[in-house]
Structures are given as C-alpha cells and as structure tokens.
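# A look at the structure
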Amino acid sequence: MKRSTIIIIVVVVLAIAGYFGFRYFQQRQAAAQSTFETEPISRGTLTALVGATGTVRANQTAVLAWQTSGQIDTIEVEVGDLVTAGQTLAVLERSSLSQAIILAEADLISARRALENLKESDAARAQAQLALAQARDALETAVNKRASKDYRRASDLTLEEAQTNLALAKKEVSRTEEIYDMFDDRDVDDPQRLVSYSAYLDARRALQRAEANVAYLQGLPDDLEVAQADANLALAEANLKDAEREWERLKDGPDPEDIRAAEARIDAIEATLELVDLEAPFNGTVSEVASKVGDQITPGTVSFRIDDLSRLLVDVQVPEVDINRIQVGQAARLTFDAILEKEYNGEVISVGRVGTPVAGVVNFLVTIELSDADEAVMTGMTAGVNIVVNQLEDVLVVPNRAVRLREGKRIVYLLKNGVATPVDIQIGAVSDLQSELIGGDVKEGDLVVLNPPITFDTNSGPPFMR
C-alpha cells in the first residue's frame, strides 16, 4: 500500500473519531445542563434577617378591680369605647357603701378645714411665743430656788417673824395655864375645867409648831430638798429648750411638715372616697366589661380591662447567638397567620440586657413596635417577626442552597464545560435565602449548581462530599 494511501486512511479515521467525539461532548454537556439546576452568580441587595415569633400586646394594659364592697349603681362605658385618664367607668350605689366610706366625707371636710386653719391662722405661732416666755420665767424661778438651797432656809425677816410667833405662843401657853389652874381642883367633867384645859392644850400645840418652825428656818436645807430643787431646775431647762424649738419651728409661719401631714391626711381620705367608683388610669380603649348594673361586688372583683392601642408591640425571644446583631431602631417585617398575604412593618424599640435560660437555650427579650398596624391586627395575635439586622446594596450574592461544607471549608459547584467543579468561597452576611460572596475563584455570571448530586463519576471531577 502506498504511503499516501495510508495517510489518507488515517486522516479519514481521525476525522470520523473527532466527529463522534465532538457529538459525544455535546451530548454530555447537554445532559449535564439538563441534569443540574443552575443559576448565574449576580449582584443584588442582601437583607440579613433574624426570625422569631411573638404575641401582639397593647402599649399599656390595666385590669380594673374594686377595692371595696357594694352594689353597682351605674356603668358609664361599653366595650370599644375610647376613654381618657380619670374618666369614671362605674359607680357604686351610695346606700350599699360601708359606714367608714360614708363618714369619710365628714372627715374630709374637717381635714380640709384643719389644713386651711394651719395655713391661715396665727394662733399656733402666738401660743408658741407665750409658751417660750412662760418657760423662761419658770427657769428663772427654778434657778433662784436652787440657789436658795445653798443658804439658811429663811431670810432674817422671816426668821424674826417666826421667833416673834414663838414668843407669842409661849405667852399664850402661860396665860391658858393660869386659867386652867383656877379650875384644876374641880371635877374632871366640870365644863369650865374642860374648856380651860382644851385651850391650854391648843396653846401647847401652837407652841410646838412655832418652835419647830423656828428650828426649821434656822437650819440648812437637807439632801432631799436640794435634790428636788435640782430636778425642778433640770425640768425647767428642758421645757425651755422644747419651747425654743417650737418657737423656731413656728416663728416664720406654719411648719412645712405639719402642712404635709395635713395634706397626707386629706389624700388618705380622698383615696377612701375614690373607692366608690372605678376610673380609667390612662387614655385607652375599653376592651372588656365584666360587670352589670346591680351586681354585688367585693374587694378584688374585676369589672373592666383598658388597653392603650395607640401603639401595638410584639415581644419576641431571641437566642443569644443572634442577640448582638440586634439593635434599637432596626426595621422588622411582621406577618400573621390570621391575616393572609399581607406584611406589616415595625421597628425594634428595646433589646433585653438579661438573658433567660429556657430548655438549655438562653433567650433575650426584644420588643418591636408596629408602625403600620390596622384594624385587622389585634392584641393576642401570633406574629412572625423578621428583624433586618443588615442590608447590603450591590454585592455579589449566591443562593444559600448552593453552598456546601467540605473538609471545614465552604464551597460551591460551578458548571464548567458541562462539569460541576468545586470552588472554595468565603461568605460575609447571610440572609434567609442568600449569602454575600467576599472571596473565592468566582465572578459575576458564573453558573453555580443549585442541586449538585451526592457524588460525581470519575469524568465529572471529584466527589461533592467527603
């Protein structure tokens, strides 16, 4: 066979083999493209979320219960009524009230009059001034009496008077004795003898008193008298200090503490009188009326519930792994099982600083306020909450379903020439559907495999998982 013929035959065989090889490659690529679900890597907006579930509540809620016994006379509101702080909701029948509450009205009048007198009257100040003057005078008297105990009990004039009385008493004894001697020889029951003897005895007793008085006045005070004088002096000094304190307290007008005490008494009485009705503690909506006119109530009987629906809040429990990503002011998206095909907006208004262990997981309380709530949203509804913790614009993103973990590294499979090829990547922020690509041999437009198989054959590259 000629050499040229052999060359022609080889070229023809190679051409035929190339044709069938090319067809096989095209079939393989088409098969791969039809087997794998792919999506081009692109740029877009990534919104990172933290999800949780909570219950809608009012900004403020109050359950109103009676604090006394009686019979309801009137009910002023119905469910759904808007009320203002201090508005009366219900009143008890006056005749059904306890005696203490009825008498409190009289006590209130007296207490108010006492407060008015305290503020306007100057009698207390004048009385304090008089008491101070009397205390000073009493102290001066006590000082003088105590000083007198260091000397003879009486002055010279007093002692001279006592000695004169003693001399007169002696003369009187002598005179009555002489008269008695004139009748001494008569019978013991003789009237004149008895009268003269009685006069004589009276004169003797008067003489004894005069002698004792002179002896007492001539001597120095004993220890008991000195002790009594000391005690009276100490008492006078203490009374003066009390009077001075009272004067200092009242000299510029009523004592502020006395006024506060009088006002506190009025407040206490008014609080007792307020037991006869129930009032709204804040502006809100009547959400429950549990009583009727004529009902007999006792302390603790609940009649109303008031909710401040001007702000609706949702409390959610966030695990500790996510809590540091949440801050006040972050936006939130809310959905409700009871409200289909509608999403509401909200904002984080508080983030708890103390965790609560629940079944081995530490959760933190986060509160979201709805910003566009409507009548369909009601307190007590269950809300699904997604808090937007990060939002990135114009970043390279990859679907989360395409990301795999192999040998501790994150990878994606790119479709290259019909073959799913693993590529290492680094990701940043993560949302519920996408992740931010911040590193790796990938670029915009690369086809990423969304559903790589568990294993690949030898011609398709290395296995997906190891």
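Here is what the cut-offs are and how they apply
Residues numbered from 1 in each chain as written. Predicted model: local features only at pLDDT ≥ 70, side-chain atom pairs only at ≥ 80, totals over all residues. Heavy atoms only, no water. Helix = DSSP H or I, 4+ residues; strand = E, 2+ residues; numbered from the N terminus. Buried < 20%, exposed > 50% of the residue type's maximum accessible area, 1.4 Å probe, protein only. Phe/Tyr/Trp six-rings, centres within 6.5 Å; stacked < 30°, edge-to-face > 60°. Polar contact = N/O pair within 3.5 Å; in protein donor to acceptor, adjacent residues only side chain to side chain. Contact = heavy atoms within 4.5 Å. Pairing = 2+ DSSP bridges. Core = buried A, V, L, I, M, F, W, Y, C linked by side-chain atoms within 4.5 Å. Expected span 1.5 Å × (residues − 1). pLDDT = per-residue confidence, 0-100. Salt bridge = Lys/Arg side-chain N within 4 Å of Asp/Glu carboxyl O. Arc of directions from axis to C-beta.

Turning our attention to the overall build of the protein chain. Regarding its fold elements, the protein chain presents eight helices and 19 strands. Within the protein chain, the proportion of its 466 residues that are buried is 32%.

This part covers the packing of aromatic side chains. Overall, the coordinates contain four aromatic pairs when judged by the stated rule. Considering the side-chain rings of Tyr180 and Tyr197, the 4.9 Å spacing of their centres and the 45 degrees angle between planes classify their relative orientation as tilted. Residue Tyr180 is located in helix α4 (residues 156-182), and its partner Tyr197 is located in helix α5 (residues 191-218); the two are separated by 17 residues in the primary sequence. The class for Tyr180 is buried, based on a relative accessible area of 12%. Summarising the aromatic geometry, the rings of Phe336 and Tyr344 are spaced 5.6 Å apart at their centres and angled 75 degrees between planes, so their arrangement reads as edge-to-face.

This brings us to the side chain of Ser291. Tracing the backbone through its elements, the reader meets Ser291 in the loop between β7 (284-289) and β8 (296-297). Engagement of the side chain of Ser291 in a polar contact is seen with the side chain of Ser303, the distance being 2.6 Å. Sequence-distant contacts of Ser291, that is, excluding residues within four places in its chain, are made with Ile72, Ile75, Val302 and Ser303.

Time to look at the sheet that holds strand β3 (residues 70-75). Read from one edge of the open sheet, four strands run β6-β5-β3-β8, paired in antiparallel fashion. Pairing within the sheet leaves two strands with one partner each, and these edge strands are β6 (277-279) and β8. Examined bridge by bridge, β3 and β8 share two bridges and lie antiparallel to one another. If you follow Gly70 over to β8, its bridge partner there is Ile297.

Our next topic: unusual backbone geometry. With phi around 55 degrees, Glu341 is a residue other than glycine that occupies positive phi space. Looking at the secondary structure, you find Glu341 in strand β11 (residues 339-351). Phi is positive for Glu407, which is not a glycine, with a value near 55 degrees. Within the secondary structure, Glu407 sits in the loop between β15 (404-406) and β16 (409-416). In this structure Glu407 comes out as exposed when scored by relative accessible area, which is 62%.

As a further point, take the nonpolar core. Formed by 32 residues in total, the largest nonpolar core has its most connected members in Ile326, Leu334, Phe336, Val366, Ile368, Val385 and Ile387. Sorting the residues of this core by element identifies β2 (42-65), β9 (302-319), β10 (331-336), β11, β13 (361-370) and β14 (382-399) as the ones contributing at least two each. The element best represented in this core is β14, accounting for seven residues. What Ile387 contacts, discounting residues up to four positions off in sequence, is Ala48, Leu49, Val50, Ile326, Gln330, Ala331, Ala332, Val348, Val366 and Ile368.

Looking now at α5. A rise of 1.5 Å per residue sets the reference length of α5, with its 28 residues, at 40 Å; its end C-alpha atoms lie 41 Å apart and thus fit the reference within 8%. Of all the residues in α5, the buried ones are Arg193, Ser196, Tyr200, Ala203, Leu207, Ala210, Val214 and Leu217. Tucked inside the fold, the buried residues of α5 contact α4. With a side-chain oxygen positioned 3.1 Å from the backbone nitrogen of Gln192, the residue opening α5 is Asp190.

Turning to the confidence of the model for the protein chain, a few remarks are in order. Confidence along the protein chain averages 84 in pLDDT terms, with 87% of residues attaining 70 or more. Looking across the protein chain, the model is least confident in helix α1 (residues 3-35), with a mean pLDDT of 60, and most confident in strand β4 (residues 82-83), with 96. Under a pLDDT of 50 for its full length, residues 455-466 has, in the predicted model, 31 contacts with residues more than four places off or in other chains.

Relative to β14, β2 is paired through 13 bridges, and the arrangement is antiparallel. Within the sheet, the bridge partner assigned to Thr53 lies in β14 and is Gly384. When β2 meets β9, the two strands line up antiparallel, connected through eleven bridges. Note that in β9 the partner of Thr61 across the bridge is Asp307.

Moving on, we get to the pattern of salt bridges. Applying the stated rule across the entire model yields 14 salt bridges. Asp190 is the partner of Arg186 in a salt bridge, and the nearest nitrogen-oxygen pair spans 3.4 Å. Among the residues examined, Asp190 registers a relative accessible area of 18% and is labelled buried. The salt bridge partner of Asp374 is Lys342, with a shortest N-O separation of 2.5 Å. With Asp374 in the loop between β13 and β14 and Lys342 in strand β11, the pair connects residues that are 32 residues apart, well separated along the chain. Owing to a relative accessible area of 28%, Asp374 belongs among the partly exposed residues under this scheme.

All right, on to helix α7 (residues 256-273) then. In a regular helix each residue adds 1.5 Å, so 18 residues correspond to 26 Å; α7 covers 26 Å between its end C-alpha atoms and thus fits that length. Every buried residue belonging to α7 is among Ile259, Ala262, Ile266, Ile269 and Leu273, and all of these are buried. What you see down the axis of α7 is that its buried residues fit within an arc of 90 degrees, all on one side. In this structure, α7 carries Glu257 and Arg260 as exposed residues pointing more than 90 degrees from its buried face.

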